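So the chains spell out like this:
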Amino acid sequence: MYGYQMTQRAKELTKGELEMTEGALYPLLHKLEGDGLITSEIQKINGRDRKYYLLTDKGKKQQAAQEAEMKTYLFNLNTIFNI
Amino acid sequence: MISIIQQQEIKSFLQKRNLSPVISNEIYDHFIVQISELMKNNLSFQEAFLKTKLDWQSELEMVKADLFSFKKIAKIEKTVLQSRFRNIILSSIVFTMFGFAVLFFLNDYFYLMQIGLLVTLVCLLLYNFILKKMKFREYYELSFHPLILRNLILGSVLFFGVGYFTQSMNFWEVGINKIFLIYAIAIQIQLLYFRTKKVNVLL
């Protein structure tokens, strides 16, 4: 996925609730790339360079771990508030 | 559909922000897609361009490169560079602490560590020069970059200051200068490594 696509996908999935600011997105993507969690490849689209980002194996593991952590957190919150 | 003249207008707007080529290309592509999408909703190019510029206003605002600099760069560029430079400084400090431990507890191996670092530095330099990835002028600019000099001055004040007050007369015997050298070489190696990977760390 490329930067703009990510902002639109986040908006679409959250029905407009989550609006990613571009300025926050790109520094974060560069940081994740520096940490080896994502990798990028440049493709020529209509004569201009487009940078696509992909998860690395390390990134996929990190994503799975974070997802599990978040699910546990949400489950616990739900348990507390549904008492 | 965005015309060539309109594309040039976007390019010249971004050029004024003095962005590095990697970030500039990425933002340029983002601008083109965002404007094209807005134009699909019956907005004119100028309206769509203005809306996109407003969305990016805060990130493309020109700010001081760092506290002591007069140079102005875009806020988004500063955020990216600061994060990378902070990582370089942090890993150099961690490595220097490791060197400190080696110097005190495994003193006989300290020279091996110094040789290892120097060999790595020379290899990276040769690699960059032989494969023409870097000119000598660029290496000179990299070594004497204001940001590096400021950090080295700050580092030397800290290292030598702490060394002087804690070790008093045995200051030089303790080898605080050797530790500082490790810190400086660790920074140099990382800068060269990023340079080899064509990742911008300094402007």
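Since the model is a prediction, treat every value here as computed from it, not as a measurement.

*Asks:* How should I be thinking about the overall build of chain A in this particular structure?
*Replies:* Per the secondary structure count, chain A includes three helices and two strands. Shown N-terminal to C-terminal, the secondary structure of chain A runs as helices and strands in the order α-α-β-β-α. What you see for chain A is a C-alpha radius of gyration of 16 Å, clearly larger than the 12 Å of a compact globule of 83 residues, by over 25%. By the burial criterion, 27% of the 83 residues in chain A qualify as buried. Surface summary for chain A: the accessible area is close to 6000 Å², and the carbon and sulfur share equals 57%. Averaging the positions of the 12 positive and the 11 negative side-chain charges in chain A gives two centres separated by 3 Å.

*Asks:* Looking at this model, I keep getting lost on the layout of surface pockets. Mind explaining?
*Replies:* In this approach a probe as big as a water molecule rolls over the atoms, and the regions it shows empty are the leftover space. Residue and element names in this part refer to chain A. Here the largest pocket is characterised by a volume of approximately 810 Å³. Lining the largest pocket we find 23 residues, and of these M6, M20, L32, L55 and Q63 sit closest to its centre. Counting residues per element, the ones that place at least two in the lining of the largest pocket are helix 1 (3-13), helix 2 (22-34), strand 2 (48-55) and helix 3 (57-81). The leading source of residues in the lining of the largest pocket is helix 3, at six residues.

*Asks:* Looking at this structure, I do not really get the pairing of strand 1 (residues 38-45) of chain A. What am I missing?
*Replies:* Taken residue by residue, a regular strand's side chains alternate between the two faces of the sheet. All names here are of chain A. Of the pairings in the sheet, the one linking strand 1 to strand 2 comprises eight bridges and is antiparallel in character. Within strand 2, the position partnered with S40 by the bridge is Y53. Taking the residues that link successive antiparallel strands as the turn, the strand 1-strand 2 hairpin has two residues, and the phi of N46 there is positive, at about 50°.

*Asks:* Explain the interface of chain A and chain B to me, please; I cannot follow it from the model alone.
*Replies:* Reports of interface size often rely on the accessible area that becomes lost once the parts have come together. Counting from both sides, the interface comprises 16 residues of chain A and, opposite them, 20 residues of chain B. In total, chain A and chain B occlude about 1600 Å² of area from one another, counting both sides; carbon and sulfur atoms represent 60% of this. At the surface where chain A touches chain B, the tally comes to two salt bridges. Of the charged contacts in the structure, one is a salt bridge between R48 of chain A and D29 of chain B, with a shortest N-O distance of 2.7 Å. For the side of chain A that touches chain B, the elements supplying multiple residues, two or more each, are helix 1, helix 2 and strand 2 of chain A. Element by element, the count of residues in the side of chain A that touches chain B is highest for helix 2 of chain A, at six residues.

*Asks:* What am I meant to see in the packing of aromatic side chains here?
*Replies:* For any pair of aromatic rings, geometry is given as the distance between the ring centres together with the angle between the planes. Residues and elements named next belong to chain B. The full count for this structure, using the stated rule, is 14 aromatic pairs over all chains. Look at F13 and F31: their rings are 5.8 Å apart centre to centre, the planes differ by 40°, and that puts the pair in the tilted class. Linking F13 in helix 1 (residues 4-15) with F31 in helix 2 (residues 21-40), this pair joins segments that are 18 residues apart in sequence. Exposure class is identical for F13 and F31. Each is buried.

Procedures and definitions
- Residues numbered from 1 in each chain as written.
- Chains lettered and ligands numbered in written order.
- Predicted model: local features only at pLDDT ≥ 70, side-chain atom pairs only at ≥ 80, totals over all residues.
- Heavy atoms only, no water.
- Helix = DSSP H or I, 4+ residues; strand = E, 2+ residues; numbered from the N terminus.
- Rg over C-alpha atoms; globule rule 2.2 N^0.38 Å.
- Buried < 20%, exposed > 50% of the residue type's maximum accessible area, 1.4 Å probe, protein only.
- Areas by Shrake-Rupley, 256 points an atom, 1.4 Å probe, with all protein chains shown as cover.
- Lys, Arg positive; Asp, Glu negative; His and termini not counted.
- Charge placed at Lys NZ, Arg CZ, Asp CG, Glu CD.
- 1 Å grid on protein atoms, 1.4 Å probe; cavity = no way out; pocket = protein on both sides within 12 Å on 5 of 7 lines; lining within 4 Å.
- Points joined across faces, edges and corners; volume = space filled by probe spheres on them.
- Pairing = 2+ DSSP bridges.
- Contact = heavy atoms within 4.5 Å.
- Buried area = accessible area lost by both parts, 1.4 Å probe.
- Salt bridge = Lys/Arg side-chain N within 4 Å of Asp/Glu carboxyl O.
- Phe/Tyr/Trp six-rings, centres within 6.5 Å; stacked < 30°, edge-to-face > 60°.

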